[in-house]
Every structure is written in structure tokens, then in C-alpha cells.
Amino acid sequence: MSWVEIAHWLFYRFEWVILAYFLFVNTMYLVLLISAWAAMLEHRRVVKGEFRWKLLGSSQIPRISVLAPAYNEGATIADSLHAFLTLNYPNLEIILVNDGSKDKTMEVIKDNFDLTSIHPIYQRRIETKAVRALYASRRYPNLVVLDKENGGKADALNAALNLATGQLVCVVDSDTLIEADALLRMVRPFLMGENVLAVGGTIRVANGSRVEGGRVTAPRMPRSALAGFQVVEYLRSFLFGRLGWNKMAGNLIISGAFGLFRRDSVIAIGGYAHHTVGEDMEIVARLRRHGYENKDANKVIFIPDPVAWTEVPESPRVLARQRDRWHRGLAEVLWRHRQVMFNYKYGGLGLLVFPFFVLVELVAPVIEAIGVLGCVAGWLLGAMNVPFAICFFLFAYGYGTLLSMFVLLMEEWSYHRYDTLRDRLLLLLWAALENLGYRQLTVWWRLKGLAGFLSGRKTWGHMERKGFQAQPPANARAAGKLKPHIFFQK
Amino acid sequence: MGISREFIVSLIRGEAWVLLASAIFLLIHGAWIRWHRRRDRRLLNKAYGELAAMLDHTKAGEREAHSNRRRDSAFFRGLPPRILIKLIVETDRAISGTQEWLSRLKRETGLVQLAEAYCSSVFWWRRLEGARLLTVMDAGQSVMPDLLQDPHPTVRAQAVEWASLHPSQKLAEKLLRLLRDGAGLYRFAVLDGLTRMGTHAAGAMVEFLSGPSEESFVLVMRVASSVAGPGFLKPALTLSQDPSAPIRAGAAALLGALGGSESVNALLALLRDSAPEVRAAAARSLGKLAQWPATPLLAENLRDRSWEVRREAGLALRAVGSPGILMLRRLLADKDHFAADMAKQVLDMPTGDRELQEQWT
């Protein structure tokens, strides 16, 4: 047999494996999509006409402690804290942890919030780096500031957990913009059911939106293509990926930027783990395992309603680092909890959720890369099966575009946050173009993350943030004052 | 086995059609929503205008007022239900003197009848919508109590909310029975409803707590602590001897809310309870009552092996005042390191900004 014939024979066998894999993945996605639509329909029916404001007068509502770690956030910390303090929730405490900042974070807080020293008697159930001082605000009695030695995000959260007095803890990033009534929505599953361990909310992309006083007042599509692709990605991930699991076996991830947990359960498992880059997924996995092993609460629910907004990277270099870290974190957590895989003791978590994350989320970039490289190699060697190549692209990318489109429909039907024609057209544009270049880039970054995990890399990398500023309205651009950016920014 | 050309073409065609249809729907839906919102805003503004004019008409003579009322009712009857509901919700609380007019409006526009019809639908979301409408309109006395037994928990929770706005002994008894019903998916709604009912629910709660003890007593005692009527003393004293530790702890909290010599005696006995949560609750209650005769016993509890008990005992000593502070100072030199450490922590708390310090203890 000649080389061409051997190559032909190999590709012919392997292409069916690739196609079968994508058929399996798309079937899973279809099931998730149907589940997500059913969950959204039920959710909309439950919240229609709901009088959430009545909870504001309830004395039975559980206390929520908002835990916000901060490191070198001097530029934005005052606005962030003011936004947290104006959340609509009747029984709220805010615990801001200054994790050994080297800038003027503590000075800014002292200047703006009239702090006084306090000496509460609390049990340090989780070991953390030394706490230097504790302060409460005279102006805002429900704000406490914990000043400690630097120990990383997990350490800061654990220190806040020790101090928290709420039955529930809401873990946020200090630069996350939370909508005013988000907590009233997030608390609902805890009020309605006792098996609920944690609730996650939707994170949306704030780039391009009008931000005033720590709130997104006018959601807008970002100007840059990279941020635009991420808007579609985030919508798909939250409104489809996470909502779909509600009805099937629960979620394995709650975003570290915005999640609500039972405090006692988090303390019972020893708080957040150090030495992992996927601490938000790791704690959910551990919580769920603990729930199953001790026949305790084990449901992790996702609520599409309450929204937090965050800034996404607009530079390919920063985005690459982020995606690399996310995939490394995913691999680390799945490896750390590998006993759960196909283990009937963990119910749906072991038999459905975990295998999905391993076989689809973790492995998909590898298979996809092989598929693409296989097509290229086949073309170079003259052994390319053209019908297979077309099918591959239709299954992998065409179907992906369809999924994005259905998610945009879901968003439009249920929330209609993007109000203008311009924004809806941009959404359609980025959904259509996402699979022509951007998706392949994310595959490459995720492969690097997987390689990083296999080589034992543990770094976080440096994330650059531009910060939120009041964005000009769209008509300023129409007046020619601003140039539209539709290409990748350097 | 290869992939046929026809299969590929049909796949491409199918995906392209779905994409196109989705894109068109997205754009059309957005435009429709904008038009719909503008229309609703116009109608609502007009309704407010009519309401204001109508309120002015009531100052006119009787005959003129009567003919104006007929015209106004016709206008409001022509409004879509969602606009009417919004008008009722926003007007009811914002503008005084409109209650009579609103009651008439709800009847004459058929909104109450519509909501009551929804409550007998086979679909839970319709029943929920009806229940919510009736709650807002403060109507539905004939149908809402039945929804307390609805198979769907969200509908039941809404019925509970309605019940809390119509407090009565009978409804309070029904709510308490709901607490027993298994899953407790709407347990918060029941507890919140009982709390809002306040003293109207006191009799029913006393009767409930006087029955055979069960798990839900802990929750009811929490509500009872906020009502704290004298009728709760007898069941609280009985429950302070209950075999279940959480119930004894709940009884300790309730006794702390009630006060009086009998409560104090029971709490002093509970300071020696076998369960740490009960000892901690008793210490907390004694601190709340500022019971200085309990100082020696509280000091003993500072040597407890449970951190929670030591903490509550220490704070209770501080709350008692001078005798407690004296005791804490004595304990600084105690041989028991736990007691000495807790005494130091309590005494270290600054006396300034008392309110803040108390909040953060």
C-alpha cells in the first residue's frame, strides 16, 4: 500500500469516530437545550407578577453575608462598596476583605466609610493568614472590613466565612456589578426548598454598557468583536448550559463572581481550597460530594433572573490567559474528584453531570482540534474526504451557531435586555461569526490549558481591567464622534 | 459507507432555514416589544388622567357624579387586564381616598371574577396568576382558603401570603397544619404569614404548641418569640423539658422573649442541660433579660467545653452589667484557660460605639 492509501484508510476509519463524537455531543446539547427551555418556561411562570418587594418587610428572611475579597482595588473599591450597600435586601451584611493590598485600598475605604475598630468574638473555624484588624462603619452599620495579610482569594474568602453571621453567604468579586434586587431573586430557592445547597446567578458582559453609581443602567453590546463574541458565549453558557442542568441533576459550577451558598455547609467542608485555579468549581464539587456522602442538602440550582455584570477581557492576550486558566481549573477539579465519575453513590452527579464535563467540556477541544487537523492533513495528502469535512463543519460549527441562535431567542423572549436594533443586529452578527475564527482560538487556548494541567502549571496570570466608566450613548457614535471598533483590539 | 450529497445539501438547507427564521423572529420580536411597551405606557398615562378627573368629579353634585361614574366605568372596562392591574397596584398604596373607588372598579371591570375563574384552572400557572391577582385586589375570600391545599407549592405559598393579609384564628390554624405537611416547600411562606398575622395567630400557636411535640415546633417557637404573648408561657415551660434538644433550645429562646420569674427559673435549669445548643440558648436569653442573680451560674458556663456556650455566657455576663463585669474580671485569673480567654475577649471589647459593638457580637 502506498502512503496515500494508508493515510486514506486511517482517515476513513477515524472520521467516523469524530463524527460519532460530535453527534453524541450535539445530542447532549439538544437535551440540555430542551431542558433549559422547559426550565425557563417554568421559571417565567413562577416569577410573573411576583411581589418580591414584600420580602423586604419579612423578619423570617435568612440573613445574607456578602463576602467581597479585594486586592489592589483602590481605584474602584468605594463605588463597589456603595453598590453593595444599596442592594435591596432586608437582612444584609457586607464583609469586605482587604487581602494585604499594596495600594491605597484601605485608605480609600477608611476615608469613605468612617470606620471604627471592633473586636467581635468569633470562632476561626478555618485556618487563614493573620487578621490584622477588624472595622465596622459608623455610617453603614452592616458593613465590616477585615484587613489581613495577603493569602490569595481563597484565603480571603475563608477569613470572611469565619466572621460571617448570615445563614447564607454571597460570594462576589469586588468589581462585579450586582443588580439591586438580585439577592431577593437568588434567595427564593432557599425559601422554597430545603435540599438547596447553593444558587448561582447569571453573569452578563458589562463592556459597552452604561454604568452609573455601580449599576448597569443601560445594557449595550460592546464595540469590540472580542467582547461581542463573549457576550454570546456567556449567554450560551448561562441561559443554556447551566439552566439546562436544573432539571437534570444540578450544576457543577457556580461562578466565583456571583454565587449564594449555605454558610454552614461551606464551613463543614473546610471552606475554599488553596492551590487550585478553579476554586469556584472546586468548592461546588466538594459541597455536592459532601451532601451526597452525608445525606444532606446537595442541590445546586441556577437562577436565570438575577444578574451580575462583569468586565470581560478585550485583549486576545488577556483572554487567552483567562481561558487557559479556566480549562486548567476544570481539568484540576475533575481530576481531584475523579472518584465521582460513574459512581452510583453520587446519583445524577456521578452518572450524568461528571461524565458530561469530562467527555464533553474537557475533551471536546482535543477532538475538535484532531478533526480540524485531520481535514487539513487529509487535504495536504490528497486523502481528504470532502463530504466528511463538510459534515464535520456542519455538525461542529453549524450546530454551534444554531445553539447560539436558540439562546439568543431565549434571551429575547424572556428578558429582552438588548433593546435597540443595533444591539440585536450585533448579537446576530457575533453569533454567526463566532465559529469562524474565535471558536478555533478558544480551542487552542483550552488545549494550552489542558497541556498546562498535564505539566503541573499552577499560575493565575495577570488580568488587566479597564474599569467601568460611564459609556457614551449610541447616538454619539452616530454623530461621528466615535469610531466603531469591530475588529480585534491589540 | 459514504455520506451522500443529498444528505449534506438537506443538512445545509435545514440549518440555513432555522438560522434565518430565528434571526427574523429575533428582530420582529424586539420591534413588537418596543411597540407594546409604548402602547402600554400611553394607556396607563391615559388611565391615570381619567382617574384624576374622576376623583375631581366626586366633588361635583350627585346627579352629575352618577353619570360621570357610568362613563368612567366604561373607559376602565375597555382597558386590558394587565393595565388595570398595574393601575390598581400603583394607585392603591400611593393615593389615599381611592379605596371605595378601587373596590367598585375591581367589581365593575370583572377583574375579580376573572381572577377567581383563574383559580379553578387545571394549569398551576393560571391558578398562581389568579391567586396573585386576588392578593393584590384584596379579594377572593370564597376561593383563596381552598388554595391552601393546592397541589403546587408555589400556589400554596401565594395562598399563604393572602392569608397573612386576612389574619384570623381559623386561617392561622390552617397555616399551622400546613407546617406538618411533609416537604415544607413553602415553610418560609407559612412562618412569614404567621409573623405578619401577629397576635391574631397567637391563640392558634399556643394551641399548636400545647399538642404533642414535633419538629415544626422549633420554627413556630421562633415566630412565637416575636409575638411573645403571656399564653405561650405554659407550653414553653413544658417544652423546656422535651426530649429533643432543638425543641428545648427553641423553648429557651421563647422563655427569654417572655421574661418573668418562672421563665428565669426554667432558664437557670437549662444552663445545666446536656446539649450545648440548649445551654447556649439559655445563656443568651438570660443575658437578654439582664438577670444578674444568674451571674455565678453564667460564670460556670464560661468553663464549658463548647465554644458557643462560653461565648453566650460571656456576652450574657457583659449584658448583665456591673456584677457580670466583676465576674469576668475575676475569671481573667481563672485556672481554666478557656474561661480566662473568653473573659479577656469579652472585656477587650471597647465600650464606645456600643450599638455597633453589640451588633458585631
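Residues numbered from 1 in each chain as written. Chains lettered and ligands numbered in written order. Predicted model: local features only at pLDDT ≥ 70, side-chain atom pairs only at ≥ 80, totals over all residues. Heavy atoms only, no water.

(A) Structural context of the overall build of chain A. The secondary structure content of chain A amounts to 15 helices and 12 strands. For 490 residues, the compact-globule estimate of 2.2 N^0.38 gives 23 Å, and chain A sits close to it at 23 Å. Its C-alpha atoms give chain A principal-axis dimensions of about 85 × 60 × 45 Å. Looking at chain A as a whole, 60% of its 490 residues qualify as buried. Approximately 19700 Å² of chain A is accessible, and the part contributed by carbon and sulfur atoms is 61%. (Helix = DSSP H or I, 4+ residues; strand = E, 2+ residues; numbered from the N terminus. Rg over C-alpha atoms; globule rule 2.2 N^0.38 Å. Buried < 20%, exposed > 50% of the residue type's maximum accessible area, 1.4 Å probe, protein only. Areas by Shrake-Rupley, 256 points an atom, 1.4 Å probe, with all protein chains shown as cover.)

(B) Inspection of the overall build of chain B at higher detail. Counting its regular elements, chain B contains 21 helices and 0 strands. Across the 361 residues that make up chain B, the buried fraction comes to 49%. For chain B, restricting intrachain contacts to residue pairs at least 6 apart in sequence, the fraction spanning at least 24 positions comes to 57%. Summing over all exposed atoms, chain B offers an accessible surface of approximately 18000 Å²; the carbon and sulfur share of this is 57%. (Contact = heavy atoms within 4.5 Å.)

(C) View of the interface of chain B and chain A. Contacts between chain B and chain A engage 60 residues on the former and 63 residues on the latter. Each partner contributes to the roughly 5300 Å² buried at the junction of chain B and chain A, and carbon and sulfur atoms together form 65% of this total. On the surface where chain B and chain A come into contact, there are 1 salt bridge. Residues Lys48 of chain A and Glu129 of chain B are paired through a salt bridge, measuring 3.7 Å at the closest nitrogen-oxygen approach. For the side of chain B that touches chain A, the elements supplying multiple residues, two or more each, are α1 (5-57), α6 (124-136), α8 (153-164), α10 (187-197), α12 (217-227), α18 (307-320), α20 (337-348) and α21 (354-359) of chain B. Per-element accounting of the side of chain B that touches chain A gives the leading share, 18 residues, to α1 of chain B. Here the residues of the side of chain B that touches chain A sort into 35 nonpolar, 11 polar and 14 charged. (Buried area = accessible area lost by both parts, 1.4 Å probe. Salt bridge = Lys/Arg side-chain N within 4 Å of Asp/Glu carboxyl O. Nonpolar A, V, L, I, M, F, W, Y, C, P; charged D, E, K, R; others polar.)

(D) Structural view of the sheet that holds strand β4 (residues 131-137) of chain A. All names here are of chain A. As summarised here, the arrangement of the 10 strands in space is β3-β4-β5-β2-β1-β6-β11-β8-β12-β7, forming an open sheet in which the pairing is mixed. Each having just a single partner strand, β3 (115-117) and β7 (177-178) make up the two edges of the open sheet. Two elements, β7 and strand β12 (residues 299-310), share 2 bridges in a ladder whose sense is antiparallel. Residue Leu177 lies in a different strand from β12, and its bridge partner there is Trp309. Against the sheet, helix α9 (residues 279-293) makes contact with β8 (196-205), β11 (258-262) and β12, and its axis sits at roughly 25° relative to β11, the strand it touches most. (Pairing = 2+ DSSP bridges. Axes fitted to C-alpha atoms, helices over the stretch in contact; angles between N-to-C directions.)

(E) Up close: the packing of aromatic side chains. Residue and element names in this part refer to chain A. Under the criterion given, the structure shown has 17 aromatic pairs over all chains. Geometrically, the ring pair formed by Trp245 and Phe356 is edge-to-face, given 5.1 Å between the ring centres and 75° between the ring planes. Of this pair, Trp245 sits in helix α7 (residues 225-246) while Phe356 sits in helix α11 (residues 347-362), and the two are 111 residues apart along the sequence. Classification of Phe356 as buried rests on a relative accessible area of 4%. With 6.2 Å between their ring centres and 80° between their planes, Tyr292 and Tyr346 make a pair best called edge-to-face. On the criterion of sequence distance, the pair formed by Tyr292 in helix α9 and Tyr346 in the loop between α10 (316-336) and α11 is long-range, its members being 54 residues apart. Using a relative accessible area of 3% as the deciding quantity, one classes Tyr346 as buried. The rings of Tyr29, Phe240, Trp245, Phe356 and Phe357 are connected pair by pair, giving a single aromatic cluster. (Phe/Tyr/Trp six-rings, centres within 6.5 Å; stacked < 30°, edge-to-face > 60°.)

(F) Structural view of unusual backbone geometry. Residues and elements named next belong to chain A. Notably, His275 is not glycine yet its phi reads approximately 55°, a positive angle. As for its placement among the helices and strands, His275 is situated in the loop between α8 (263-268) and α9. Non-glycine residue Phe342 carries a positive phi angle of around 55°. Residue placement: Phe342 occurs in the loop between α10 and α11. Using a relative accessible area of 54% as the deciding quantity, one classes Phe342 as exposed.

(G) Looking closely at the environment of Lys129 of chain A. All names here are of chain A. Relative to the helices and strands, Lys129 is located in the loop between β3 and β4. On the basis of relative accessibility, which here comes to 40%, the residue Lys129 falls in the partly exposed class. Linking Lys129 and Gly151, residues 22 residues apart in sequence, is a C-alpha distance of 6.1 Å. Sequence-distant contacts of Lys129, defined by excluding residues within four places in its chain, comprise Lys148, Glu149, Asn150, Gly151 and Asp155.

(H) Fine view of a nonpolar patch on the surface. A surface patch of nonpolar side chains, about 470 Å² in accessible area, is lined by Val376, Trp379, Leu380 and Leu381 of chain A. Here Leu380 of chain A lies in helix α12 (residues 364-380). (Patch = residues over 30% accessible without salt bridge, like charges linked within 9 Å, V, L, I, M, F, W, Y side chains within 5 Å.)

(I) Seen up close, a positive patch on the surface. Residues and elements named next belong to chain B. Where like charges cluster on the molecular surface, the positive patch consists of Arg34, Arg37, Arg38, Arg41 and Arg42. In this structure, Arg38 sits in helix α1. A residue is classified by how much of its surface remains accessible, and Arg38, at 42% relative accessible area, is partly exposed. (Lys, Arg positive; Asp, Glu negative; His and termini not counted. Charge placed at Lys NZ, Arg CZ, Asp CG, Glu CD.)

(J) Structural view of the confidence of the model for chain B. Mean pLDDT over chain B works out to 86, with 87% of the residues at or above the 70 mark. Scoring of the predicted complex yields 0.87 for pTM and 0.85 for ipTM. (pLDDT = per-residue confidence, 0-100.)

(K) Structural detail: the confidence of the model for chain A. For chain A, the mean per-residue pLDDT works out to 86, and 91% of the residues sit at or above 70. This stretch, residues 469-490 of chain A, has a pLDDT under 50; its non-local contacts, to residues over four places away or in other chains, come to 30 contacts.

(L) Structural context of the pairing of β8 of chain A. All names here are of chain A. Burial within β8 is extensive, with 10 of its 10 residues counted as buried. The pairing of β8 with β12 spans 9 bridges and is parallel. Counted as the bridge partner of Thr202 is Val307 from β12. Taken together, the 3 bridges between β8 and β11 define a ladder with antiparallel strand orientation. Among the inter-strand pairings, Val199 is bridged to a residue of β11, identified as Leu260.

(M) A look at the environment of Pro323 of chain B. Residues and elements named next belong to chain B. Checked against the element boundaries, Pro323 lands in helix α19 (residues 322-331). Between the alpha carbons of Pro323 and Leu209 there is a distance of 36 Å; along the sequence they are 114 residues apart. If we ignore the near neighbours within four places in the chain, the residues touching Pro323 are Trp292 and Thr295.

(N) Broad picture of the pattern of salt bridges. Under the counting rule described, the total for this entry stands at 37 salt bridges over all chains. A salt bridge links Glu42 of chain A to Lys247 of chain A; its shortest N-O distance comes to 2.7 Å. Separated by 205 residues along the polypeptide, Glu42 of chain A in helix α1 (residues 3-47) and Lys247 of chain A in the loop between α7 and β11 bring together distant segments of the chain. Of the residues examined, Lys247 of chain A reaches a relative accessible area of 46% and is grouped as partly exposed. Two residues, Arg126 of chain B and Glu129 of chain B, come together in a salt bridge whose shortest N-O distance is 2.8 Å. Taken together, the positions of Arg126 of chain B and Glu129 of chain B, both in helix α6 and 3 residues apart, correspond to about one turn of that helix. Accessibility expressed as a relative area gives 22% for Glu129 of chain B, which makes it partly exposed.

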